[in-house]
Amino acid sequence: MSRTLIALVEDKPGVLARVAGLLRRRAFNIESLTVGRTQEPGISRMTIVVDSDRTDAEKVLQNLNKLVNVIDVEDVTERALVARNLALIKVQVNGGSRAEVMQIVDSFRGRVVDVGLDTIMIEATGNEEKVEGLVQVLQAFGIVEMVRGGRVAMVRGGQPQ
Amino acid sequence: MRRTGAQIVWEMLEQEGVEVVFGFPGGAILDTYHCLQDYEIRHVLVRHEQGAAHAADGYARASGRVGVAMATSGPGATNLVTGIATAMMDSSPMVCITGQVGTSLIGTDAFQEADMTGITLPITKHNYLVTDVENLASIMREAFHIARSGRPGPVLIDLPKNVQQAETDFVPPKDEVRLSGYEPAGRVDAEQLLRAAELINSAERPVILAGHGVLMSGKTRTLKELAERMEAVVALTLLGKGAFPESHPLCLGMMGMHGEAAANRAVQEADLLLALGMRFDDRVTGTLEQYAPMSRKVHIDADAAELNKIVPADVAIVGDLRHVLEELLAMIEPASHEGWMERVDHWRSQSRARDIINRPQNGRLVAPYVIDSLRKETQGDAIVVTDVGQHQMWTAMYYGLDRPDPWITSGGLGTMGFALPAAIGAQIAQPDREVWAIAGDGGFQMTMQELGTLIQEDLPVRIALVNNSYLGMVRQWQELLYEGRYEATYLVNPDFVRLVSAYGIPGWRVTEPANAAAVIAEARSQAGPAFIEFVVASEGDDGNVYPMVPPGAALHEMIRRPEASVELAGTGEEKE
């Protein structure tokens, strides 16, 4: 089962290697890991999705907490979350299919961000199911290239993480 | 004050109260060595960097202070790795300073370049690559703070050559270190403590498992009060030796793979385990499926990551034993458990009857007798530093400690070659104490070049070499578990007495039990270092460590000490 961890870390060189190193040592497979800045200078935020059960995740969490550069870390899997994924998808089109693809993208609330002679590039944002659903439909037209960002997540409500 | 990075290293070491650095110079750390004689810090030149790390570790364990090791980049630094991992596993406070190639060369496979922060990532509590001399002073302060606080451990500072050379205005950083991601002292959850006390107060067959954490907290007297009030028997981990007086009627001695049979049985039969400052190492538990099946478990440790890691606890408390033990003691009602004590005493008397020490001499020199003689001659008053293997287990069993003395051994990592360099560090930390390094012939030869350090520093370390011409513990496993096939365990050894005499160290060889005491006395009377080789029984019942819990077995499934085949003349005498 996959678990989502959110870690606030110091924005310093090598911190990603420390976090990834701990996961590697426990042989956790990282499904996705995203890092970015936060509202506070010097602090970055990681959203880590790992394939693990709750007990193992708890153990790795305790060890992440011991890293001096990790300020806080929480397993948010069971909390009410907003989780988002980003995908850029380049799809093969011709005169006949172009309109159809654009219609599909529209119904998934995606956006067309680039139009070429025989391809179009689509930006899709949403939870994994939605993005995955769009990808599956577009496969019928021929996906030329695709890039997916990892999950980013935030707990609902007023309490900051 | 204008200072170079090299000078700041020594300024900060002085500020941290460092008296001695164990090291070995080389190209990338030369600038730092260049300033050494301007500062009041002793430098001990080792013969191999592994020796520097073990000596710093031994110094730390004997003094309770942070040990410091220094080495150059590349091979100098990688040679520290075994010693760093040893310190990490045994929570020993240490700061290692390594030279590094200049920042512009990092990552180019420059001469003697090794990625030390990368290599030591999983074996340090924290590490630093200093890229700007402006940060050096505060990094050094942080490093010492991290090394010594909370659950102690090794910290590495990798120092590029150009950072050592760079000049800056040196402003000593504030004493207080604030790190947002590092809070060593865990809050004690009062409710959990109450639940722990409830379990303890309702226990009928309580056993306390005392580990290294008790010793590091300094609260051994509180533990004694607690055990007596609970009337709980106390089993010790290897590193917990000294946390509870071994001659105390409630003490069971060491538990685990080579623990006392009575200790292991008590753990298996207990209805309450109170685990203090220990981490349920696999050498302590035997197979987990059958570990202490009838007991509730209360686990208290300073490191949250140790709780529920191996053995699920009914009550798990994160806390510093310096405070927790006393808070807990106040909540405990005096109890007595007569039936339980009788059963434990029965197990104990069985163990004593089988103990090789209590059996008639057959004229062969056996290692337990060597350790027992050492203990008698030193009145249990020496600082004992062991290597790893059979002699280590025998020393744990037969060198009983009645006070929280430094007992220095590589427990978690089991590093052969540890004893001699660690004893050098211990002797420097405690110049007025008698320090014995006890090693096997295998481990001794891994770091025996440190005999050079010993004579250069003129240290009166005594060395007891327990020589059975084998890698004894491995041979024992081959005898008992691998069909008796001895592969790569027999050692053709040098004449050790002549070897040490080449260093000018007086040496003796003991082959018979009758001579042991007199030779030990002679070695003790030397003003400088001394060496005794004990040629001991190497195979069979006389050459194996018993009891033994075979790997994969439960704690109560021990291979017991062999029954004496001759009349038990000496069983009336109690071993201490």
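Parameters and conventions
Residues numbered from 1 in each chain as written. Chains lettered and ligands numbered in written order. Predicted model: local features only at pLDDT ≥ 70, side-chain atom pairs only at ≥ 80, totals over all residues. Heavy atoms only, no water. Helix = DSSP H or I, 4+ residues; strand = E, 2+ residues; numbered from the N terminus. Buried < 20%, exposed > 50% of the residue type's maximum accessible area, 1.4 Å probe, protein only. Contact = heavy atoms within 4.5 Å. Salt bridge = Lys/Arg side-chain N within 4 Å of Asp/Glu carboxyl O. Buried area = accessible area lost by both parts, 1.4 Å probe. Polar contact = N/O pair within 3.5 Å; in protein donor to acceptor, adjacent residues only side chain to side chain. Nonpolar A, V, L, I, M, F, W, Y, C, P; charged D, E, K, R; others polar. Pairing = 2+ DSSP bridges. Axes fitted to C-alpha atoms, helices over the stretch in contact; angles between N-to-C directions. Domains from an automatic or database assignment. Disulfide = S-S within 2.5 Å. Phe/Tyr/Trp six-rings, centres within 6.5 Å; stacked < 30°, edge-to-face > 60°. Lys NZ or Arg CZ within 6 Å of the ring centre and 35° of its normal. Core = buried A, V, L, I, M, F, W, Y, C linked by side-chain atoms within 4.5 Å.

### Side note on the overall build of chain A
Item 1. Counting its regular elements, chain A contains four helices and nine strands.
Item 2. Along chain A, helices and strands appear, N-terminal first, in the series β-α-β-β-α-β-β-α-β-β-α-β-β.
Item 3. Overall, chain A is about 60 × 35 × 30 Å in size when its C-alpha atoms are taken along their principal axes.
Item 4. Residue burial in chain A is summarised as follows: out of 161 residues, 40% are buried.

### Here we look at the environment of B:Ala110
Residues and elements named next belong to chain B.
Item 1. Tracing the sequence through the fold places Ala-110 in the loop between strand S5 (94-100) and helix H6 (116-119).
Item 2. Judged by relative accessible area, which is 15%, Ala-110 ranks as buried.
Item 3. Taking C-alpha positions, Ala-110 is 9.5 Å from Gly-74, a pair spaced 36 residues apart along the chain.
Item 4. Not counting residues within four places of it along the chain, the set of residues in contact with Ala-110 comprises Val-101 and Leu-105.

### Observations regarding the pattern of salt bridges
Residue and element names in this part refer to chain B.
Item 1. The final tally for this structure, using the stated rule, is 44 salt bridges over all chains.
Item 2. Between Asp-372 and Lys-376 there is a salt bridge; the shortest N-O distance is 2.7 Å. Residue Asp-372 and its partner Lys-376 are both found in helix H16 (residues 367-378); the two are separated by four residues, about one turn of the helix.
Item 3. Classification of Lys-376 by relative accessible area gives exposed; the value is 56%.

### Side note on the interface of chain A and chain B
Item 1. Tallying the contact residues gives 14 residues for chain A and 16 residues for chain B.
Item 2. For the pair chain A and chain B, the two sides together bury roughly 1,200 Å², of which 53% comes from carbon and sulfur.
Item 3. The interface formed by chain A and chain B contains one salt bridge.
Item 4. The shortest N-O distance in the salt bridge between B:Asp303 and A:Lys66 comes to 2.6 Å.
Item 5. Between chain A and chain B we count three residue pairs in polar contact (both at pLDDT 80 or more) in total.
Item 6. Listed by contribution, the elements that provide at least two residues to the side of chain A that touches chain B are helix H1 (15-25), helix H2 (54-66) and strand S4 (70-75) of chain A.
Item 7. Considered class by class, the residues forming the side of chain A that touches chain B number five nonpolar, four polar and five charged.

### Quick word on the sheet that holds strand S20 (residues 530-535) of chain B
All names here are of chain B.
Item 1. Pairing within the open sheet is parallel, and its six strands lie in the order S16-S15-S17-S18-S20-S19. Every other strand in the sheet has two partners, leaving strand S16 (407-408) and strand S19 (507-510) as the edge strands with one partner each.
Item 2. In terms of strand pairing, strand S15 (residues 383-386) meets S16 through two bridges, oriented parallel. Its bridge partner being in S16, Val-384 is matched across the sheet by Trp-407.
Item 3. Its contacts with the sheet put H16 on strand S17 (435-440), strand S18 (462-467) and S20, and the angle it makes with S17 is roughly 175 degrees.

### Comments concerning the environment of A:Glu31
All names here are of chain A.
Item 1. Examined against the element boundaries, Glu-31 turns out to sit in strand S2 (residues 29-37).
Item 2. Separated by 119 residues in sequence, Glu-31 and Gly-150 have C-alpha atoms that sit 8.0 Å apart.
Item 3. Setting aside anything within four residues of it in sequence, one finds Glu-31 in contact with Ser-2, Val-49, Val-50 and Asp-51.

### Focus: the domain arrangement of chain A
Residue and element names in this part refer to chain A.
Item 1. Split by domain assignment, chain A resolves into domain 1 (2-79) and domain 2 (82-153).
Item 2. Contacts between the two partners involve eight residues from domain 1, matched on the other side by four residues from domain 2.
Item 3. Buried area between domain 1 and domain 2, summed over both chains or domains, comes out near 470 Å², and the portion from carbon and sulfur atoms is 50%.
Item 4. Scanning the region where domain 1 abuts domain 2 turns up zero salt bridges.
Item 5. Contributing elements (two or more residues each) for the side of domain 1 that touches domain 2: strand S1 (2-10), S2 and strand S3 (43-51).

### Thoughts on the state of the cysteines
Residues and elements named next belong to chain B.
Item 1. All told, the structure shown has zero disulfides over all chains when counted by the stated rule.
Item 2. Its sulfur unpaired, Cys-96 is 20 Å from the next cysteine sulfur, which belongs to Cys-35.
Item 3. What makes Cys-96 buried here is its relative accessible area of 1%.

### A closer look at the packing of aromatic side chains
Residue and element names in this part refer to chain B.
Item 1. Summed over the entire model, instances satisfying the criterion amount to seven aromatic pairs over all chains.
Item 2. Between the aromatic rings of Tyr-470 and Tyr-486, the centroid separation amounts to 5.6 Å while the plane-to-plane angle is 75 degrees, which identifies the pairing as edge-to-face. Taken together, the residues span a long stretch of sequence, with Tyr-470 in the loop between S18 and helix H21 (472-481) and Tyr-486 in the loop between H21 and helix H22 (496-502) at a distance of 16 residues.
Item 3. Under the relative-accessibility criterion, Tyr-486 is labelled partly exposed at 27%.
Item 4. The lysine or arginine in question, Lys-241, covers the ring of Trp-407, its NZ or CZ lying 5.2 Å from the ring centre.

### Thoughts on the nonpolar core
All names here are of chain B.
Item 1. Grouped together as the largest cluster of nonpolar side chains are 61 residues, with contacts concentrated most on Val-207, Ile-208, Leu-209, Leu-226, Leu-274, Leu-276 and Leu-328.
Item 2. Ignoring any residue separated from it by four or fewer positions in sequence, one finds Leu-274 in contact with Ile-200, Val-207, Ile-208, Leu-209, Leu-226, Met-230, Val-298, Ile-300 and Leu-328.
Item 3. Core analysis: the second largest hydrophobic core is formed by 50 residues, Ala-62, Ile-123, Ala-423 and Phe-531 among them.

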